[in-house]
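Residue strings, one per chain:
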Amino acid sequence: MSNNQLDQLRKRVDELNLELLSLINERALLVQEIGRAKETQGVYRYDPVRERHMLDLIKENNNGPFESSTIEHIFKQIFKAGLELQEDDHRKALLVSRKKKPENTIIDVKGVKIGDGSQQFVFGPCSVESYEQVATVAAAVKAKGFKLLRGGAYKPRTSPYDFQGLGLEGLKILKRVADEYDMAVISEIVTPNDIETAVDYLDVIQIGARNMQNFELLKAAGAVNKPILLKRGLSATIEEFINAAEYIMSQGNGQIILCERGIRTYEKATRNTLDISAVPILKQETHLPVMVDVTHSTGRRDLLLPTAKAAIAIGADGVMAEVHPDPAVALSDNAQQMDLKQFDEFVSSLRSSAFVQI
Ligand SMILES: [Mn+2]
């Protein structure tokens, strides 16, 4: 074969490559159109029966030289790429995604702006135990210049025999302290029915890790006009976390703060493993503010300061930590709450860090 003939054949291969490229993309456009039509009909996009039919038809018409198994493999890849393309489209469409809204969502909680590039802090006891207990912590937190106070009224606990929280009484205590100290209060709600009641008492409604995929609760939280702090589930992937936030936003409430609180891994040195890289990923993928709960992610008092620094350094919009007047007698989480002296040292150390602006 002359060089000229070889060049001719190569030229033909190049032409066929471009024809295949154009055909594959033409097919992708059709698949997308079908996907959109299916979406309006509410039909699931992946149709295994249809895929089997397509593969059979292709193999029946295969005259070689490729084996049918090879042809099947090649076309399966084309089918898969088409399906993934639709998933990408879907991701683009998520209301919480950065693709949908490039600018940061800023949540205003009684004048405290979360997500505007400032560093915010939430402190307070694990559980609301009494008015005096919450007021003591509130006074200490306020004295440091912070305005956001947390406290659990409904406590989803690992054991049914552990303290379950004061319930509505706890919400009333939080509201009273918030009014007296001009602070904003955050507390967890665990059932959809309590969401509407909570609106009257709280400034931010928290949905806890164990309820991150309680979809009825998420929908109820999406139906009120109140900021929601959504914690990552203990075994939730980032994608599942983002979809949980989407549940809230799809109901009309876009005031969502995401909170990384550690995930379950095989590591036992900490209560959970703080997934610190989740912070920049969530900031890239969504337009929502992201906080880090250093208390529950570590379960260790000695790690609160370094993890809080790490959270701020990596770009978190805020840090949450538990403070109790006397952790030794706390009704929950007594191993990791700071007492008032430790809280004092914690804040001083943070303030002496060059990159912390509080
Ligand atoms: Mn706690």
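Just so it is clear, the structure is predicted and the values come from calculations on it, not from any experiment.

Asker: Looking at this structure, how should I read the overall build of the chain?
Answerer: Within the chain, the secondary structure is distributed over twelve helices and ten strands. With the principal axes as the frame, the chain shows a C-alpha extent of 90 × 45 × 35 Å. Every one of the 358 residues in the chain was classed for burial, and the buried ones make up 38%. The contacts of the chain with a sequence gap of at least 6 include a subset with a gap of at least 24, amounting to 66%.

Asker: Looking at this model, I keep getting lost on the UniProt feature "coiled-coil region" (unreviewed entry) in the chain. Mind explaining?
Answerer: Taking the UniProt record as the reference, the feature "coiled-coil region" (unreviewed entry) is found at residues 6-33. For residues 6-33, helix accounts for 100% and strand for 0%, while the C-alpha atoms at its two ends are 41 Å apart.

Asker: Explain the environment of aspartate 339 to me, please; I cannot follow it from the model alone.
Answerer: As for its placement among the helices and strands, aspartate 339 is situated in the loop between β10 (318-322) and α12 (340-351). Among residues more than four places away in sequence, those in contact with aspartate 339 are His324, Pro325, Asp326 and Pro327.

Asker: Any chance you could explain the nonpolar core here in plain terms?
Answerer: Side chains that are nonpolar tend, in soluble globular proteins, to be buried together. Counting residues in each nonpolar core, the largest one holds 80 residues, and the members touching the most others are Leu149, Leu174, Leu230, Ala245, Leu258 and Val319. With seven residues, the single largest contributor to this core is helix α8 (residues 238-250). Each residue touching leucine 149, except ones within four places of it in the same chain, is listed here: Phe123, Gly124, Ala138, Val141, Val177, Ala178, Met183, Ala184 and Val185.

Asker: I keep staring at the sheet that holds strand β6 (residues 204-207) and nothing clicks. Help me out?
Answerer: Within a sheet, each strand pairs with its neighbour through backbone hydrogen bonds, oriented either parallel or antiparallel. Pairing is parallel in the closed barrel, where eight strands are placed in the order β3-β4-β5-β6-β7-β8-β9-β10. Across the sheet, the axes of successive neighbouring strands diverge by a mean angle of 25 degrees, strand direction being ignored. Note: β6 against strand β7 (residues 228-231), three bridges, orientation parallel. Bridge pairing links isoleucine 205 to isoleucine 228 in β7.

Asker: Would you mind showing me how to read the pairing of β7 here?
Answerer: The two faces of β7 match: Ile228 and Leu230 on one face and Leu229 and Lys231 on the other face are all buried. Following the chain from β6 across helix α7 (residues 215-222) to the adjacent parallel β7, one finds a crossover that is right-handed. As defined by bridge partners, β7 adjoins strand β8 (residues 256-260) across four bridges and the pair is classed as parallel. When the bridges of β8 are listed, lysine 231 appears paired with cysteine 259. As for the winding sense of the linkage, the β-α-β connection from β7 through α8 to β8 is right-handed.

Asker: Would you explain the pairing of β10 in this entry?
Answerer: Regular strands place their side chains on alternate faces of the sheet. The buried fraction of β10 amounts to five of the five residues, a majority that puts the element mostly inside the structure. In β10, alternate side chains face the same way, and those of Gly318, Met320 and Glu322 on one face and Val319 and Ala321 on the other are all buried. Where strand β3 (residues 120-124) meets β10, five bridges bridge the pair, whose relative direction is parallel. Note on β10: the bridge partner recorded for phenylalanine 123 is alanine 321.

Asker: Sorry if this is basic, but what is going on with the domain arrangement of the chain here?
Answerer: How big an interface is tends to be stated in terms of the accessible area lost upon association of its parts. As far as domains go, the chain holds domain 1 (3-93) and domain 2 (107-351). Taking only C-alpha atoms, the centre of domain 1 and the centre of domain 2 are 48 Å apart.

Asker: Can you help me understand helix α9 (residues 278-285) in this one?
Answerer: An α-helical segment advances 3.6 residues per turn. Residues three or four places apart therefore align on the same side. When α9 is considered as a whole, its buried residues turn out to be Ala278, Val279, Leu282 and Lys283. Looking straight down α9, one finds that the buried residues subtend no more than 135 degrees of arc, so they occupy a single side. Packing partners of the buried residues in α9 comprise α8, β8, β9 (290-293) and α11 (304-314).

Parameters at a glance
Residues numbered from 1 in each chain as written. Predicted model: local features only at pLDDT ≥ 70, side-chain atom pairs only at ≥ 80, totals over all residues. Helix = DSSP H or I, 4+ residues; strand = E, 2+ residues; numbered from the N terminus. Buried ≥ 20, exposed ≤ 12 C-beta atoms within 10 Å, placed from the backbone. Contact = placed C-beta atoms within 7 Å. UniProt positions renumbered as here; feature names shortened; annotations may be inferred. Core = buried A, V, L, I, M, F, W, Y, C linked by C-beta atoms within 7 Å. Pairing = 2+ DSSP bridges. Axes fitted to C-alpha atoms, helices over the stretch in contact; angles between N-to-C directions. Right-handed = clockwise from strand over helix to strand, strands pointing away. Domains from an automatic or database assignment. Arc of directions from axis to C-beta.

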